Structure formats: C-alpha cells, structure tokens
Amino acid sequence: LNETDLYNEIFKASTRLNHLIENLLSMSRLESGKISVRRDWCDINDLVNKVTGILKTELEQFNFLTEIPPDMPLVKLDFGLMEQVIYNLILNSSQYSRTGSTFIFRAYYNDGFLIIKVEDNGPGFPPEILDKVFDKFYKVDNSKAGGLGLGLSIVKGLVEAHKGTVNVANLPAGGAVFTITIPTEITDMKEINVE
C-alpha cells in the first residue's frame, strides 16, 4: 500500500467506526425513550445528496440511481435522524449487492405521506426471515457485511419516532425493496413561489 491508499483505508475505517458508535448511541436513546424528533422543512434531494456524499467510496462500485420528482415539495422531518435512516438503508443495500449492480433511491409525496423506497437487485431475503430483518442484532447467515446487525433496527426505531412505518419485501425479478411511509406536512407552494 502506498501512502495515499493507507490514508484512504484509515479514513474508511474511522468512518465505519464513527457510524458504529452513532448506531450504538441511537439504539441506547431509542431504548431509553430519549429520541426527540425535531421536525423542520427538509428538501429530500439535500438529504440523499448528503448521504451519498458520505458513502461516495462505497457507492463507486455500483450503479446508484435516485428518482425524485422535480416538483417534490419540502416535507417536515428531523434531518439528522432521517439522514441516519437513509444512510443505514443505502449502506445495507451496498453490502448485500453484487459489485456493478444497480440500486435505486426513490422518494415521492402521496396524500399526506412521504414515501421512500430503496430497491436493490441483490439476492433478496429468504422468505422465512423477512419478519426478522428489523430485529436488533439480527444478521443474515453467511453475510459478508460487517457491523453489529443494528442498522435496520435503528431504521425502524427512527421511522417509528416520526410516526411512520417501514417494511421490506422481495422483488419478483430479484432483490429487495424497503419502503418507508411517514406522515408529513408539505409547504404550500403558493407561499414559497412569491414573486
């Protein structure tokens, strides 16, 4: 390894360690009931761009796509908590997908709800474990992914703190899709587009 490679490896390891500590702190706060959701107006594009910036190295080996309607309104969320949710979902997809495969982040607003979907074309989940993937410390057998098996459990806890739901299903063509549904206000576009 040359000096640059070494620096990059240290940086990646420290980022992973930081993420692990954040997950442990979040789990502790969730279990003690001390998560407070501070909702504010949020642009979903900003949210996903921040996460993909942090995960740039992990995403380089994939075809990562985002699909967000151009007229997507601002929604009321806790930016920091939802950043962690999206980070955990995208990282999870990257750990279980084949190099070079495609996964997609979709977000849209529908009748009082923000809908977020993360779809991959990895191996999907054995049907008998679909109801266990959000359990704390649960990891798929023979998984190459590291970590403690807290990521999806934290996703569930933070989404539920927003009064939302999250579920997972296998896609008919292969892969899995995580769907988050969160009730939210949206901005009145007439108020924003002031001449």
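Residues numbered from 1 in each chain as written. Predicted model: local features only at pLDDT ≥ 70, side-chain atom pairs only at ≥ 80, totals over all residues. Heavy atoms only, no water.

Peer 1: When you look at the overall build of the protein chain in this model, what are you seeing that I'm missing?
Peer 2: In terms of regular secondary structure, the protein chain is built from 6 helices and 7 strands. Each of the 195 residues in the protein chain was classed as buried or not, and the buried ones make up 41%. Taking contacts inside the protein chain between residues at least 6 apart in sequence as the whole, the part at least 24 apart equals 72%. Looking at the protein chain as shown, the accessible area adds up to about 10900 Å², and 52% of this sits on carbon and sulfur atoms. (Helix = DSSP H or I, 4+ residues; strand = E, 2+ residues; numbered from the N terminus. Buried < 20%, exposed > 50% of the residue type's maximum accessible area, 1.4 Å probe, protein only. Contact = heavy atoms within 4.5 Å. Areas by Shrake-Rupley, 256 points an atom, 1.4 Å probe, with all protein chains shown as cover.)

Peer 1: Would you mind showing me how to read the packing of helix 2 (residues 44-54) against helix 4 (residues 79-96) here?
Peer 2: In a pair of packed helices, the angle between the axes and the distance between the axes together describe the arrangement. The interhelical angle for the contact between helix 2 and helix 4, taken along N-to-C directions, is 50°, at an axis separation of 9 Å. Taken together, the axes of helix 2 and helix 4 are oblique relative to one another. For the crossing formed where helix 2 meets helix 4, the hand is right-handed. Within the contact between the two elements, helix 2 uses D46, L47, V48, K50, V51 and I54 and helix 4 uses F79, M82, E83, I86, Y87 and I90. Residue composition of the contact of helix 2 with helix 4, by class: 9 nonpolar, no polar and 3 charged. (Axes fitted to C-alpha atoms, helices over the stretch in contact; angles between N-to-C directions. Parallel < 35°, antiparallel > 145°, perpendicular 65-115°, else oblique. Left-handed = near helix turned anticlockwise from the far one by under 90°. Nonpolar A, V, L, I, M, F, W, Y, C, P; charged D, E, K, R; others polar.)

Peer 1: Could you clarify how one ought to interpret helix 5 (residues 151-161) in this entry?
Peer 2: Where burial is concerned, most of helix 5 is hidden: 8 out of the 11 residues are buried. Restricting attention to buried positions, one finds in helix 5 the residues G151, L152, S153, I154, V155, G157, L158 and V159. Looking at the residues trailing helix 5, positive phi occurs at K163, about 65°.

Peer 1: I would appreciate a short explanation of the pattern of salt bridges in the present structure.
Peer 2: Side chains that differ in sign of charge can pair as their charged atoms come close. In this structure the tally under the stated criterion is 5 salt bridges. K56 is the partner of E60 in a salt bridge, and the nearest nitrogen-oxygen pair spans 3.7 Å. As far as the burial class goes, E60 and K56 line up, both exposed. Taking the shortest distance from any N to any O, the salt bridge between R106 and E67 comes out at 2.3 Å. Here R106, found in strand 4 (residues 102-110), pairs with E67, found in strand 2 (residues 63-67); they are 39 residues apart in sequence, far enough to count as distant. Given a relative accessible area of 40%, E67 falls into the partly exposed group. (Salt bridge = Lys/Arg side-chain N within 4 Å of Asp/Glu carboxyl O.)

Peer 1: What's the story with the sheet that holds strand 2 in this structure? I'm lost.
Peer 2: By definition, the strands of a sheet pair up through backbone hydrogen bonds, in either a parallel or an antiparallel sense. Sheet architecture is open: 5 strands sit in the order 2-4-5-7-6, paired in mixed fashion. Looking at which strands have only one partner, the edges of the open sheet turn out to be strand 2 and strand 6 (165-170). Pairs of neighbouring strands in the sheet enclose a mean axial angle of 15°, with direction left out of account. The pairing of strand 6 with strand 7 (residues 176-183) spans 6 bridges and is classified as antiparallel. Bridge assignment links V166 to a residue of strand 7, and that residue is I180. Packed onto the sheet, helix 2 meets strand 2, strand 4 and strand 5 (113-120) and runs at close to 160° relative to strand 4. Seen against the sheet, helix 5 touches strand 6 and strand 7 and runs at an angle of roughly 140° to strand 6. (Pairing = 2+ DSSP bridges.)

Peer 1: Quick question: what am I supposed to make of the environment of R98 here?
Peer 2: The residue R98 is located in the loop between helix 4 and strand 4 in this model. With 22 residues separating them along the chain, R98 and D120 place their C-alpha atoms 9.7 Å apart. Each residue touching R98, except ones within four places of it in the same chain, is listed here: F62 and N121. Only 3.3 Å separates the side chain of R98 from the backbone oxygen of N121, close enough to count as a polar contact. (Polar contact = N/O pair within 3.5 Å; in protein donor to acceptor, adjacent residues only side chain to side chain.)

Peer 1: I keep staring at the side chain of T179 and nothing clicks. Help me out?
Peer 2: Within the secondary structure layout, T179 lies in strand 7. A polar contact is formed between the side chain of T179 and the side chain of K117, at a distance of 3.3 Å. In this structure, T179 is in contact with I115, I116, K117, T165, V166 and N167, ignoring residues within four places of it in sequence.

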